[in-house]
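Examination of the molecular architecture
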Amino acid sequence: MGETHKVPAVTLDSMSEQYGPFQNAVLCLDIEGAEVEALKGAEQLLQRGAIKVFNAEVFNTTEHEIASFLKRFGLIEMERWGHQISDSESGREWWNIIYILQ
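For the structure given in this document, a descriptive report is provided here. (Residues numbered from 1 in each chain as written. Predicted model: local features only at pLDDT ≥ 70, side-chain atom pairs only at ≥ 80, totals over all residues. Heavy atoms only, no water.)

Our next topic: the pattern of salt bridges. Summed over the entire model, instances satisfying the criterion amount to four salt bridges. A salt bridge links Glu-37 to Lys-40, with the shortest nitrogen-to-oxygen separation between them at 3.4 Å. Of this pair, Glu-37 and Lys-40 both sit in helix H2 (residues 35–40), three residues apart, roughly one helical turn. The exposure class of Lys-40 is partly exposed, given its relative accessible area of 40%. Across the pair Glu-43 and Arg-72 runs a salt bridge whose closest N-O atoms are separated by 3.3 Å. Taken together, the residues span a long stretch of sequence, with Glu-43 in helix H3 (residues 43–47) and Arg-72 in the loop between helix H4 (63–71) and strand S3 (75–87) at a distance of 29 residues. Among the ionic contacts, a cluster of salt bridges with common partners joins Glu-63, Glu-77 and Arg-80. (Salt bridge = Lys/Arg side-chain N within 4 Å of Asp/Glu carboxyl O. Helix = DSSP H or I, 4+ residues; strand = E, 2+ residues; numbered from the N terminus. Buried < 20%, exposed > 50% of the residue type's maximum accessible area, 1.4 Å probe, protein only.)

This brings us to H4. The complete set of buried residues in H4 reads Glu-63, Ile-66, Phe-69 and Leu-70. Taken down its axis, H4 places every buried residue within 130° of arc, on the same side. Along H4, the residues that are exposed and aim more than 90 degrees away from the buried face are His-64 and Lys-71. (Arc of directions from axis to C-beta.)

Counting 21 residues, the largest nonpolar core has Leu-39, Leu-46, Phe-54, Ile-66, Leu-70 and Tyr-99 as its most contacted members. Elements that contribute at least two residues to this core include exactly strand S1 (25–29), H2, H3, strand S2 (51–59), H4 and strand S4 (92–101). No other element matches the four residues that S2 contributes to this core. Apart from residues lying up to four places away in sequence, Phe-54 is in contact with Leu-27, Leu-29, Leu-39, Ile-66, Leu-70, Leu-75, Ile-97, Ile-98 and Tyr-99. (Core = buried A, V, L, I, M, F, W, Y, C linked by side-chain atoms within 4.5 Å. Contact = heavy atoms within 4.5 Å.)

So, in C-alpha cells, the structure goes:
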C-alpha cells in the first residue's frame, strides 16, 4: 500500500449550502476507493433526495459498502459495465456502476 497524505477537502453538503441548494443532481466519482467517504459528506443531499443519479468507478473491495450506503437513501443499482481486473496479484476488479433514486 502507498503512502497516506492528508489533503484539504470540502464536503458536497457544504458546497450545496454555499452555492446551492443543489437539486436533481447527477454525481460522478472516480476517486480510487474513497467513494463512501465522499458520500458521507453528501448525506444531507442524499437524505433530501437531491442526488438523483450516482455514477462511480467501483472496486470489488468497496462495491457492497457503497451499495449498502446508497440503499439507505433510496438509490439502487441500475447498470454496470467495464468489468476489468486492475491488479492480477490482488484480484482487485472494477466496474462503472450507475445508481438511481427510486
